[in-house]
Amino acid sequence: MNTNRADEINVVKLSLHGRLVAYLAGFLNGRNVLNFAEEFVADAGRPTFSLITHPSFPHAERLMAEAWARNQRLHPSLSNLLPEGSLRELIAQGLKVHVDNEFHLLSYLGSDLPGALIVDKPHLDDVMEKARNLWPQALKELPMSAEHKFKLKEHWGKLSADLSIK
């Protein structure tokens with residue numbers, strides 16, 4: 001069994017005006033990765049998350065197609081929403097995290113951020129729906145033998161109806 005805690009991950013979803021924007025993954029080793037939702041990137045009428053993600057910004061789709069990764073601190077679009085100075089220190093002390101561990105600060109403040117951005121944990125149903133949509137193509141692209149792919153597909157089919165992916 002792997003006991004390497006550096007691989008542990010927490011995920012939150014970011015939404016604006018009730019519309020999914022992205023998922024933010026925070027690894028225990030301090031790495032933070034923001035991935036924009038495909039439906040957000042494809043929507044020409046999407047709400048403005050940041051000026052560089054606005055539909056009229058040159059290359060906005062290209063910028064959102066790549067993961068935004070940082071260590072400890074978040075991308076400035078998110079980092080700038082967090083409190084500074086003694087308020088940040090007070091919140092970090094209450095959470096028992098370092099003041100630069102911005103993933104935990106952002107996830108804690110969730111719906112108390114300036115502006116319309118809401119940060120909360122994704123619901124299992126949302127995650128499973130995303131997995132069901134991505135599963136067929138991902139299985140085709142996995143670098144493994146057809147026999148292993150069959151066994152993997154068979155395993156997923158045996159899970160309870162709430163978790164199964166066909």
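Here we summarise the structure given alongside this text. (Residues numbered from 1 in each chain as written. Predicted model: local features only at pLDDT ≥ 70, side-chain atom pairs only at ≥ 80, totals over all residues. Heavy atoms only, no water.)

1. Digging into the side chain of Ser77
Note the cut-off: Helix and strand definitions here come from DSSP, where helices need a minimum of 4 consecutive H or I residues and strands a minimum of 2 consecutive E residues; each element is numbered from the N-terminal end. Here a polar contact is recorded for every N or O atom pair within 3.5 Å, except that within protein the pair must consist of a potential hydrogen donor and a potential acceptor, and residues adjacent in sequence are included only if both atoms are side-chain atoms. Contact criterion: two residues are considered in contact whenever any of their non-hydrogen atoms come within 4.5 Å of each other.
Within the element layout of this structure, Ser77 appears in helix α3 (residues 76-79). A polar side-chain atom of Ser77 sits 3.4 Å from a polar atom in the side chain of Ser50. Excluding residues that lie within four positions of it along the chain, Ser77 makes contacts with Phe49, Ser50 and Trp68.

2. Topic: the sheet that holds strand β3 (residues 31-36)
Pairing between sheet strands relies on hydrogen bonds along the backbone, with the strands arranged either parallel or antiparallel. Heads up, the condition is: Between any two strands, at least two bridges found by DSSP are needed for them to pair. To obtain an axis, a line is fitted to C-alpha atoms, over the contacting stretch when the element is a helix, and the angle between two such axes runs from 0 to 180 degrees between their N-to-C directions.
Strand order in the open sheet made by the 5 strands is β4-β3-β2-β1-β5, with antiparallel pairing throughout. Only two strands of the sheet have a single neighbouring strand rather than two, namely β4 (68-71) and β5 (117-120). Taken pair by pair, the neighbouring strands of this sheet meet at an average axis angle of 20 degrees, ignoring direction. Where strand β1 (residues 9-16) and strand β2 (residues 19-27) come together, 8 bridges link them in antiparallel fashion. The residue of β2 that forms the bridge with Ile9 is Phe27. Across the sheet, helix α5 (residues 102-109) touches β1, β2, β3 and β5, and the angle it forms with β1 is around 50 degrees.

3. Topic: the packing of aromatic side chains
For clarity, the threshold we go by: Any two of the Phe, Tyr and Trp rings considered here, Trp counted by its six-membered ring, make a pair once their centres fall within 6.5 Å; the pair's planes then place it as stacked at under 30 degrees, edge-to-face at over 60, or tilted in between. Each residue gets one of three labels from its accessible area relative to the maximum for its type: buried under 20%, exposed over 50%, partly exposed in between, using a 1.4 Å probe on protein chains only.
Going through the model one piece at a time under the given rule, you end up with 3 aromatic pairs. Ring plane angle 15 degrees and centroid distance 6.1 Å describe the contact between Phe36 and Phe40, whose orientation is recorded as stacked. Side by side, Phe36 and Phe40 carry an identical accessibility label, which is buried. Ring plane angle 80 degrees and centroid distance 5.7 Å describe the contact between Phe36 and Phe49, whose orientation is recorded as edge-to-face. Of this pair, Phe36 sits in strand β3 while Phe49 sits in the loop between α1 (38-42) and α2 (60-65), and the two are 13 residues apart along the sequence. Overall, the relative accessible area of 10% leaves Phe36 in the buried class.

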